[in-house]
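# Fold and contact review
Spelled out, the chains give:
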Amino acid sequence: MSQKTWTVLDLIRWTTDHFASKGIETARLDAECLLAHALETDRLRLYIDYEKPVLEGERAAFRELVKRRGDERVPVAQLTGRREFWSLTFEVTPDVLIPRPETETLIEAALQLFPDVEAPIRVLDLCTGSGAIALALAKERPKARITATDVSAAALEVAKRNAERLGLSERVAWLEGDAFEPVVGERFDLIVSNPPYVAESERASLAPELAHEPEGALFAGADGTDFLRRIAADVASHLEAGAPLLLEIGSGQEDRVAPWLEAAGLEEVAVLRDLAGRPRALRARARGLR
Ligand SMILES: C[S@@+](CC[C@H](N)C(=O)[O-])C[C@H]1O[C@@H](n2cnc3c(N)ncnc32)[C@H](O)[C@@H]1O
């Protein structure tokens, strides 16, 4: 990237090849996202500006992003500071898990369970991180009262900023604490959670990008089910009669976690699949009539 005139297209091509040579699967997409970020524009605009020369000052900022992505494998969302989830833009920092598209499975299931847009439901988002689930539900169900909890104070700060930016601050109560401790004695019409569920035993084989996300958001014991087991043990006492639980799990954990939910008295335990067809969540119901 030296003396010659570099156009937008030159930079995209060079960077795509560079990222591909480093084993990054989404090389072209990443190159475009980072260049758009460095030029303070959007990806579509890059296509219009393919032949436009990029000035040295802009290239310097881009070079730094390329280095951090290619050499340090920092995720694009952390470099740009944002990620889309459920068509909403979330601020992302190293203090929060980057919201994943698979987690939209939980949002779709929640909206199906409560199709009435005006439903005044009380919802708990346990392990809220960036606030992705709580805020997507707050947006879709404007009469819902949402409580969102996390053990990480730093994550909750990011979530609160996301709520403010999305104009949803009044709709969510943010509580800090371990598991159900912040909501002792409370019951909800719906509990949703994407807790940590990555197995320690998989640590060495994980994509290098995961090293940049908070450990506490990812790992949960040797086989990843430690926290899921805690949720299963305590969740029934926080659900109203007949109220549903939507719990994200890792693919392959369904056969271990479903029996824990049944043992805790939950009924109608079902596996939900994501768009790729992989088991992604469990749905269950507390006993009793709604
Ligand atoms: C997998 S991330 C999910 C974040 C967000 N819900 C999402 O779907 O993008 C799990 C979150 O659980 C939080 N967490 C980890 N251990 C916890 C605990 N013992 N009690 C409450 N939250 C916990 C982490 O801080 C992290 O924000």
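Because the structure is a prediction, the values reported are computed rather than measured.

What counts, and where the lines are drawn
- Residues numbered from 1 in each chain as written.
- Predicted model: local features only at pLDDT ≥ 70, side-chain atom pairs only at ≥ 80, totals over all residues.
- Heavy atoms only, no water.
- Salt bridge = Lys/Arg side-chain N within 4 Å of Asp/Glu carboxyl O.
- Helix = DSSP H or I, 4+ residues; strand = E, 2+ residues; numbered from the N terminus.
- Buried < 20%, exposed > 50% of the residue type's maximum accessible area, 1.4 Å probe, protein only.
- Near = heavy atom within 4 Å.
- Polar contact = N/O pair within 3.5 Å; in protein donor to acceptor, adjacent residues only side chain to side chain.
- Areas by Shrake-Rupley, 256 points an atom, 1.4 Å probe, with all protein chains shown as cover.
- Arc of directions from axis to C-beta.
- Contact = heavy atoms within 4.5 Å.
- Domains from an automatic or database assignment.
- Core = buried A, V, L, I, M, F, W, Y, C linked by side-chain atoms within 4.5 Å.
- Pairing = 2+ DSSP bridges.
- Axes fitted to C-alpha atoms, helices over the stretch in contact; angles between N-to-C directions.

## Thoughts on the pattern of salt bridges
In this structure the tally under the stated criterion is 25 salt bridges. The shortest N-O distance in the salt bridge between Glu32 and Arg28 comes to 2.7 Å. Placement of the pair is Glu32 and Arg28 together in helix H2 (residues 27-38), with a separation of four residues, close to one helical turn. By relative accessible area, which is 3% here, Glu32 ends up buried. Classification of Arg28 as partly exposed rests on a relative accessible area of 34%. Between Arg63 and Glu56 there is a salt bridge, with its nearest N and O atoms 2.8 Å apart. Ionic contacts of the salt-bridge type, sharing partners, join the residues Asp30, Arg69, Arg73 and Glu209 into one network.

## Here we look at the site of the ligand
Near the ligand, the surroundings consist of 20 residues, among which Cys127, Asp150, Asp178, Ala179 and Asn194 are the closest. Separating a nitrogen atom of the ligand from a backbone N or O atom of Val151 is a distance of 3.2 Å. Here Asn194 contributes a side-chain N or O atom positioned 2.8 Å from an oxygen atom of the ligand. With the chains in place, 93% of the 600 Å² that the ligand exposes on its own is no longer accessible.

## Some words on helix H11 (residues 254-263)
Among the residues making up H11, those that are buried are Glu254, Val257, Ala258, Trp260 and Leu261. The buried residues of H11 occupy an angular sector of 160 degrees when the element is viewed end-on, so they sit on one face. In H11, the exposed positions that point more than 90 degrees away from the buried face belong to Asp255 and Ala263. Each element contacted by the buried residues of H11 is listed here: helix H10 (226-234), strand E7 (244-248), strand E8 (267-273) and strand E9 (279-285). Directly beyond the C-terminal end of H11, a positive phi value near 95 degrees is found at Gly265.

## Here's the deal with the domain arrangement of the protein chain
Looking at the assigned domains, one finds that the protein chain contains domain 1 (8-72) and domain 2 (82-285). Taking the mean C-alpha position of each, domain 1 and domain 2 sit 33 Å from one another.

## A closer look at the nonpolar core
Leu137 and Trp174 are the most contacted members of the largest nonpolar core, which has 34 residues in total. Here this core gets seven residues from one element, more than from any other, and that element is helix H7 (residues 132-140). One finds Ala179, Val183, Ala243 and Leu266 within the second-largest nonpolar core, a separate group that totals 28 residues.

## What about the sheet that holds strand E6 (residues 190-193)?
On the basis of which strands lie adjacent, the open sheet formed by seven strands has the order E5-E4-E3-E6-E7-E9-E8 and mixed pairing. Edge positions in the sheet fall to strand E5 (172-176) and E8, since each has one partner strand and no second. In this sheet, neighbouring strand axes are inclined to one another by 15 degrees on average, regardless of whether the strands run parallel or antiparallel. Pairing between strand E3 (residues 122-126) and strand E4 (residues 145-150): five bridges, direction parallel. Across the sheet, residue Leu124 finds its bridge partner in E4, namely Thr147. In this fold H11 packs onto E7, E8 and E9, with an angle of close to 10 degrees to the strand it touches most, E9.

## Re H10
In an α-helix, one full turn covers 3.6 residues, which means residues spaced three or four apart are oriented alike. Taken together, the buried positions of H10 are occupied by Phe227, Leu228, Ile231 and Ala232. Viewed end-on, H10 has its buried residues packed into an arc of 145 degrees, placing them on one side of the element. On its buried side, H10 packs onto E3, E6, E7 and H11.

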